[in-house]
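For reference, the chains in residue letters:
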Amino acid sequence: MTIYKAPLDDLRFALYDVLGAEQILTSLQGGEGHTRDLVDAVLEEAGRLSEALLAPFNASGDEEGCRYDKATQTVTTPKGFKEAFKAFAEGGWTGLTQAEHFGGQALPNAIGTATTEIFQAGNLSWSLYPLLSEGACHAMELHGTKEQQDTYLKPIVEGRWTGTMCLTEPQAGSDLGLLKTRAEPGENGTYKITGTKIFISAGEHDLAENIIHLVLARLPDAPAGSRGISMFIVPKFKVNADGSLGSRNTVAASNIEHKMGLRGSATCVMNFDAAEGYLIGQPHKGLAAMFTMMNAARLGVGVQGLALSERALQNSANYARERLQGRSLSGPKFPEKPADNLLVQPDVRRMLLTQRAIVEGSRALLLYTSLQTDVEAHGVDEATRKNASDLVAFLIPIAKGLVTELAQEATKEALQVYGGHGYIVESGVEQFVRDARIITLYEGTTGIQAADLLGRKILQLQGAGFKLFLQEIQAFCQEHAQNAAMASLIAPLAKTAKEWADLTLALAQRVQANPEELGAAAMDYLYYSGYATLAYLWARSVAAANAGNHAEAFKQAKRDTAAFYFARMLPRCRMHKAAIEAGVETLPALA
Ligand SMILES: Cc1cc2nc3c(=O)[nH]c(=O)nc-3n(C[C@H](O)[C@H](O)[C@H](O)COP(=O)(O)OP(=O)(O)OC[C@H]3O[C@@H](n4cnc5c(N)ncnc54)[C@H](O)[C@@H]3O)c2cc1C
């Protein structure tokens, strides 16, 4: 059985000390009430709920998995999932960041990110059900008519119903332009939706009375490719005029996928057999509509990486403290015991510090980006909102791509700390490795994030967000130029920022000459950008720790981890720079 304790001190440190969240949030339009007292109370309650109701069913949910009944085409979720969802909904958590007029609490996204980390760390499989609903709510809030919002959005916010996102088809994954599901006009402005969707998270389950599918499909007159896709609402049970459940719609799960991890989350094959659906948003603009909520979804998956890494770290640190094996190279540290604990081994400390650098760096990055989404939505003036929007656009592929990839490393190192015991199911740590594997794949693979960062955010949008972010780093370096306590971080940070700018410029020129260079460099560029971004946030963390009134051990831990990061992880930038500069000719055509 693995442990989990919500890391409230670290969350508060990242939010308030490093990122100045209270000042940012309370100065937003309508943000006066989002004070530290309120946020602290929310975080504490989220911690209690996750520790008591979600974490205990993480391993059993994995072992039990979801069960599909062919006769009834229904899915039963593992023990504890239903009760936890009920408590979650009753506590108002399903509407935490949703608008008040839809029954939500309208709390900032940054607080949603912090609580989501806590819930996902407790039980990632379970947390997919509310996460998908949140995505569906965003879509309806942005694109639904008032009637659609009243009918479908409110019950989801209340946690009585849940939502899904039905995009993927067997032949259409990253390239949704290939999708074939058809939408034929039916009676009274309805549509008949026909097709098969695969890999649909929360497509069928027993947690809620109704499931509202958001489905991408093609109208009869649709142009080919991604410009001919529309979005439809397809409820599992049709809804009567008074809001009560009507007849069963002709959409059903024909199976569930058998997966490497995330086994408590029902991933369904969904068959739509002339199912009644309702157009949401404009015809042929469905993909664009989906993209308007892509940022929130991608950020949410980045948080999954952080959550798993945090829980893996807590457990491996605990194990290393208790496991007695061998002696320190410089002589016994616990002579009264048969052996020293694992913490005396520098290589074990390397594994733990790698995890810690990833966890706390990722947390700062995800919270920073979330705060910018709050400024983008509620900033006091147009210019502030536009800047935040540019920053968000630039940071999302890094926050999703890098954090989910680093979660592979963090969970792998956590297992390695356990030695062979980590490979054994009872340790619980192998589940984190398996659960983590999906997060670099769904919601846009890392390859797609990398192409988005370099192709769209840097080249197409001329690096608007990148320029702002670089200016921020440069201003921070100047502010601390005379600060002796920060000297060992500021010099390499300033050097990296300059190199990042030069590398980007040189790369843009190469891509202009040969577009294939974009694909050849994108992944290494994503990593370079990610490590440079974390360096900035680690430097800010040390500045905040030095300035704050935390216990000395807490401050020293931040300084030690930052020093580790700068000495042993930031140099990875050089490797990625070399790979970028190696160019497309090192990736020859394959027979
Ligand atoms: C457990 C699980 C849950 C999921 N949940 C949902 C859900 O709820 N709703 C939903 O609609 N879908 C869902 N998906 C689907 C998921 O989003 C897709 O699997 C994902 O988008 C990748 O598509 P694909 O699997 O077809 O891979 P492909 O698109 O075939 O990609 C294969 C490889 O080629 C690379 N590649 C492809 N195109 C490019 C490119 N242009 N540039 C660079 N590299 C490229 C990819 O990076 C990848 O490495 C889920 C999948 C799983 C496994």
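Criteria and thresholds
- Residues numbered from 1 in each chain as written.
- Predicted model: local features only at pLDDT ≥ 70, side-chain atom pairs only at ≥ 80, totals over all residues.
- Heavy atoms only, no water.
- Helix = DSSP H or I, 4+ residues; strand = E, 2+ residues; numbered from the N terminus.
- Buried < 20%, exposed > 50% of the residue type's maximum accessible area, 1.4 Å probe, protein only.
- Contact = heavy atoms within 4.5 Å.
- Areas by Shrake-Rupley, 256 points an atom, 1.4 Å probe, with all protein chains shown as cover.
- Lys, Arg positive; Asp, Glu negative; His and termini not counted.
- Charge placed at Lys NZ, Arg CZ, Asp CG, Glu CD.
- Core = buried A, V, L, I, M, F, W, Y, C linked by side-chain atoms within 4.5 Å.
- Near = heavy atom within 4 Å.
- Polar contact = N/O pair within 3.5 Å; in protein donor to acceptor, adjacent residues only side chain to side chain.
- Nonpolar A, V, L, I, M, F, W, Y, C, P; charged D, E, K, R; others polar.
- Disulfide = S-S within 2.5 Å.
- Pairing = 2+ DSSP bridges.
- Phe/Tyr/Trp six-rings, centres within 6.5 Å; stacked < 30°, edge-to-face > 60°.

A.B. asks: Just checking my understanding: could you explain the overall build of the protein chain for this structure?
C.D. replies: A count of helical and extended segments in the protein chain gives 19 helices and 11 strands. Across its three principal directions, the C-alpha atoms of the protein chain cover 80 × 60 × 60 Å. Per-residue burial over the protein chain gives 57% buried out of 591 residues. For the protein chain, the proportion of contacts with a sequence separation of at least 24, taken over those separated by at least 6, is 73%. Accessible surface, the protein chain as shown: approximately 24,400 Å² in total, 54% of it carbon and sulfur. Across the protein chain, the 55 positively charged side chains and the 65 negatively charged ones have centroids separated by 4 Å.

A.B. asks: Explain the nonpolar core to me, please; I cannot follow it from the model alone.
C.D. replies: Nonpolar side chains in soluble globular proteins tend to end up buried together. Residues Leu-15, Trp-500 and Tyr-565 are the most contacted members of the largest nonpolar core, which totals 184 residues. Counting residues per element, this core draws most heavily on helix H17 (residues 516–547), which supplies 18 residues. Discounting chain neighbours no more than four positions away, the residues touching Tyr-565 are Ala-357, Gly-530, Tyr-531, Leu-534, Ala-535, Trp-538, Leu-570 and Pro-571.

A.B. asks: Would you explain the site of the ligand in this entry?
C.D. replies: Inspection of the region around the ligand gives 17 residues, with Met-165, Thr-168, Ser-174, Phe-199 and Thr-445 positioned closest. Between an oxygen atom of the ligand and a main-chain N or O atom of Leu-167, the distance comes to 2.9 Å. At 2.8 Å from a nitrogen atom of the ligand is found a main-chain nitrogen or oxygen belonging to Phe-199. Protein coverage of the free-state accessible area of the ligand, which is 980 Å², stands at 60%. Broken down by secondary-structure element, the contributors of at least two residues to the shell around the ligand are strand S5 (191–201) and helix H14 (446–460). Grouping the constituent residues of the shell around the ligand by class yields 8 nonpolar, 7 polar and 2 charged.

A.B. asks: So what exactly am I meant to see when it comes to the side chain of Lys-558 here?
C.D. replies: Along the chain, Lys-558 falls in helix H18 (residues 552–569). If we skip the residues at most four places from it in the chain, Lys-558 touches Asp-10, Phe-13, Glu-360, Trp-538, Val-542 and Ala-545.

A.B. asks: How should unusual backbone geometry be read in this particular structure?
C.D. replies: Phi angles above zero are rare outside glycine, and Gln-73 is one such case at about 55°. With respect to the helices and strands, the residue Gln-73 is situated in the loop between strand S1 (67–69) and strand S2 (74–76). Despite not being glycine, Leu-262 shows a phi value in the positive range, around 50°.

A.B. asks: How should the state of the cysteines be read in this particular structure?
C.D. replies: By definition, a disulfide links the sulfur atoms of two cysteines through a covalent bond. Following the criterion strictly, the structure yields 0 disulfides and no others. A disulfide-free cysteine, Cys-137 has its sulfur positioned 15 Å from the sulfur of Cys-166, the nearest such atom. Not part of a disulfide, Cys-573 finds its nearest cysteine sulfur in Cys-477, a span of 14 Å. On the basis of relative accessible area, Cys-573 is assigned to the buried category, the value being 4%.

A.B. asks: What should I look at first to understand the pairing of strand S6 (residues 210–217) in this one?
C.D. replies: Remark: a regular strand shows side chains that alternate across the two faces of the sheet. The element S6 is extensively covered by neighbouring structure, given that 8 of its 8 residues are classed as buried. Side chains Asn-210, Ile-212, Leu-214 and Leu-216 of S6 all project onto a buried face; the interleaved residues Ile-211, His-213, Val-215 and Ala-217 project onto the opposite face, where all are buried too. For strand S3 (residues 161–166) and S6, the ladder comprises 6 bridges, and the chain directions are parallel. For Thr-162, the partnering residue across the bridge sits in S6 and is Ile-211.

A.B. asks: Would you mind going over the pairing of strand S4 (residues 182–185) with me for this structure?
C.D. replies: Alignment of S4 against S5, held across 4 bridges, turns out to be antiparallel. Its bridge partner lying in S5, Pro-185 is registered against Tyr-191.

A.B. asks: How should the packing of aromatic side chains be read in this particular structure?
C.D. replies: Where two aromatic rings form a pair, the distance of their centres and the angle of their planes describe that pair. Applying the stated rule across the entire model yields 20 aromatic pairs. Centroid distance Phe-85 to Trp-126: 6.2 Å. Interplanar angle 55°. Geometry classified as tilted. Highlighted residues: Phe-85 in helix H5 (residues 81–90) and Trp-126 in helix H7 (residues 124–143), separated in sequence by 41 residues. Of the two residues, Phe-85 and Trp-126, neither departs from the other in class, the shared state being buried. Arranged with centres 6.2 Å apart and planes meeting at 40°, the rings of Phe-394 and Trp-500 form a pair that is tilted. Of this pair, Phe-394 sits in helix H12 (residues 382–417) while Trp-500 is found in helix H16 (residues 487–513), placing the two residues 106 residues apart along the sequence. Like Phe-394, the residue Trp-500 is buried in the burial classification.

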